[in-house]
Amino acid sequence: MKTFYAVEQKRHDPKGFLSSGAPKPNPEQPERVDRLIAGAKAAGSEILRPRDFGLSPIAAVHTPEYLSFLQNIYARWQRIPDASPEVIPNIHPLARDGSYPASAVGQAGYHMADTSCPISAETWESACWSAWSATEAAEAVMSGEPSAYALCRPPGHHAFADVAGGFCFINNSAVAAQRLRRTASRVAILDVDLHHGNGTQGIFYGRSDVLTISIHADPVRFYPFFWGHSDERGEAAGLGYNLNLPLARKTGDNGFLEALDAALNRIDAFAPDALVVALGLDAFEGDPFGGLCVSTDGFARIGEKIATRVMPKVIVQEGGYLCDELGDNLTAFLGGVG
Ligand code: ZN
């Protein structure tokens, strides 16, 4: 299986992070890339650079207003006297039904869901290349590869059409799914990250051509709190095309694989032409987030089960944070998919 990755993706280096109100180092570290490249190589994968696809695959799932914000906010922020070195919002609209703010501070609050997605000088370039890795992986399977891996970093699944959040700026899984729609009538996105894929859900919530499924730690006391509950089923034409499978904290391999069976049954009934796997490795028992207890062997079994569904597959990297086994977990998953 081919891996797509560009060195520019490593330049984004976020510092700011609050965990339950406490300042901590941001876990979405550039070093994750080195571990993931080692993991992909150990699975026998070749690392290839994606093309620069321009804005069109990104603009297919994000609003022009938001993309203009992401591209320009860092420079605008730096012109504010005594501004922080990273763009971090300090005010949010209660509901997004008022006027669109003109100021950098107002727009940061409008377009950023939380404080864990600080924007620095390198963020926009890194996020674009991450999305182009996802686009190139989609192009590869559209050209006949059975599967392809997009080593996306920064990750994407918490980004909505016009909101960043949770380390995410551009929704790479959504970019891949929308790209696949050029040749596929129906696409399923299966998100196995520890955290609910709220941005992906939001982007496709009213659509019946893209089925979104997420297996994650129950958001009742876990990020992203406001989304990821089992009664969120889609709306309008999309009603019934979103499935959330929240798991109790510390669920291990067996519980996760049971949920995966339910997800795959729903995918069978949808009969998609292509599958996007939003691959978070943070459900691992040794991940710093400590939400679920999937083992390294568990990731191999997750990959093997997904491999039983024969259709083009784009695997998009989401979360999974620094721990000794991060690369091994990717090797195990990719080996399972085969
Ligand atoms: Zn996550």
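Residues numbered from 1 in each chain as written. Predicted model: local features only at pLDDT ≥ 70, side-chain atom pairs only at ≥ 80, totals over all residues. Heavy atoms only, no water.

This part covers helix α8 (residues 253-270). Each full turn of the α-helix corresponds to 3.6 residues, which orients residues three or four apart in the same direction. Between its first and last C-alpha atoms α8 spans 25 Å; for 18 residues at 1.5 Å apiece the expected length is 26 Å, and the two agree. Of the residues making up α8, those classed as buried are D253, F256, L257, A259, L260, A263, L264, I267 and F270. For α8, the buried positions fall inside an angular range of 160 degrees around the axis, keeping them on one side. Exposed side chains of α8 directed beyond 90 degrees from the buried face belong to N254, E258 and A269. Backbone geometry just after α8 places A271 at a positive phi near 50 degrees. (Helix = DSSP H or I, 4+ residues; strand = E, 2+ residues; numbered from the N terminus. Expected span 1.5 Å × (residues − 1). Buried < 20%, exposed > 50% of the residue type's maximum accessible area, 1.4 Å probe, protein only. Arc of directions from axis to C-beta.)

Further remarks concern the nonpolar core. Ranked by internal contacts, the top residues of the largest apolar core, which has 49 residues, are L70, I170, V276 and V314. The element that contributes the greatest number of residues to this core is helix α5 (residues 123-142), accounting for eleven residues. Formed by 48 residues, the second largest nonpolar core is a distinct cluster that contains A40, V192, L247 and A259. (Core = buried A, V, L, I, M, F, W, Y, C linked by side-chain atoms within 4.5 Å.)

Right, let's get into the pattern of salt bridges. A pair can form between side chains of opposite charge whenever their charged atoms are brought close. Per the counting criterion, the structure on display carries 15 salt bridges. Of the charged contacts, one joins E8 and R49 as a salt bridge, the two residues approaching to 2.9 Å between their closest N and O atoms. You can see E8 sitting in the loop between β1 (2-4) and β2 (18-19) and its partner R49 sitting in the loop between β4 (46-48) and α2 (56-59), a full 41 residues away along the chain. The exposure class assigned to E8 is buried, which follows from its relative accessible area of 10%. Here R32 and E28 are joined by a salt bridge, their closest N and O atoms 2.7 Å apart. E28 shares its class with R32; the two are buried. Through salt bridges that share partners, E28, R32 and R153 make up one connected network. (Salt bridge = Lys/Arg side-chain N within 4 Å of Asp/Glu carboxyl O.)

In most cases, non-glycine residues show a negative phi, while peptide bonds are predominantly trans. Note that the residue after R153, namely P154, is joined by a cis bond; omega there is 0 degrees. Within the fold, P154 resides in the loop between β5 (147-150) and α6 (172-180). Following Y223, the chain continues into P224 via a peptide bond in cis, with omega recorded as 10 degrees. One can find P224 in the loop between β7 (210-217) and β8 (242-247). A positive phi angle is found at S20, which is not glycine, with a value near 50 degrees. Inspection of the secondary structure puts S20 in the loop between β2 and β3 (22-23). Relative accessible area serves as the criterion here: at 82%, S20 is assigned to the exposed category. Despite not being glycine, A271 has its phi angle at roughly 50 degrees, a positive value.

Strand order in the open sheet formed by eight strands is β4-β1-β5-β10-β9-β6-β7-β8, and the pairing between neighbours is parallel. This sheet does not close on itself; its edge strands, each paired only once, are β4 and β8. Averaged over neighbouring strand pairs, the angle between their axes works out to 20 degrees when direction is ignored. Relative to β4, β1 runs parallel, the two being bridged by three bridges. Bridging across to β4, K2 finds its partner in E46. Against the sheet, α5 makes contact with β1, β5 and β10 (313-317), and its axis sits at roughly 175 degrees relative to β5, the strand it touches most. In the packing of helix α10 (residues 326-337) onto the sheet, contacts are made with β5, β9 (274-279) and β10, and the angle to β10 comes to roughly 175 degrees. (Pairing = 2+ DSSP bridges. Axes fitted to C-alpha atoms, helices over the stretch in contact; angles between N-to-C directions. Contact = heavy atoms within 4.5 Å.)

Applying the stated criterion across every chain yields a total of ten aromatic pairs. Pairwise contacts between aromatic rings join F17, F167, F289 and Y321 into one cluster. Its guanidinium or amino end placed over the ring of Y110, R96 lies 4.0 Å from that ring's centre, counting from NZ or CZ. (Phe/Tyr/Trp six-rings, centres within 6.5 Å; stacked < 30°, edge-to-face > 60°. Lys NZ or Arg CZ within 6 Å of the ring centre and 35° of its normal.)

This paragraph deals with α6. Where burial is concerned, most of α6 is hidden: nine out of the nine residues are buried. Of all the residues in α6, the buried ones are N172, S173, A174, V175, A176, A177, Q178, R179 and L180. Where the residues of α6 are buried, they touch α2, α5, β6 (187-191), α7 (198-204), β9 and β10. Where α6 begins, one side-chain oxygen reaches toward the backbone nitrogen of S173, 3.4 Å away; that side chain belongs to N171. (Polar contact = N/O pair within 3.5 Å; in protein donor to acceptor, adjacent residues only side chain to side chain.)

This part covers the pairing of β8. Burial analysis of β8 places five of its six residues in the buried class, the great majority of the element. Here β7 runs beside β8; their pairing, made up of six bridges, is parallel. Bridging across to β8, S214 finds its partner in N244.

The next thing to look at is the environment of F160. If you trace the backbone, F160 turns up in the loop between β5 and α6. Linking F160 and A237, residues 77 residues apart in sequence, is a C-alpha distance of 19 Å. Setting aside its immediate chain neighbours within four residues, F160 contacts H62, Y66, N198, G199, G202, I203 and W227.

Moving on, we get to the packing of helix α9 (residues 296-307) against α10. Two numbers describe a pair of packed helices, the interaxial angle and the distance between the axes. Viewed as axis vectors pointing N to C, α9 and α10 meet at an angle of 25 degrees, and their least axial separation amounts to 6 Å. As judged from the angle between their axes, α9 and α10 are roughly parallel. The handedness of the crossing between α9 and α10 is right-handed. Mapping the contact onto sequence places T296, F299, A300, I302, G303, E304, I306 and A307 in α9 and D328, N329, A332, F333, G336 and V337 in α10. (Parallel < 35°, antiparallel > 145°, perpendicular 65-115°, else oblique. Left-handed = near helix turned anticlockwise from the far one by under 90°.)

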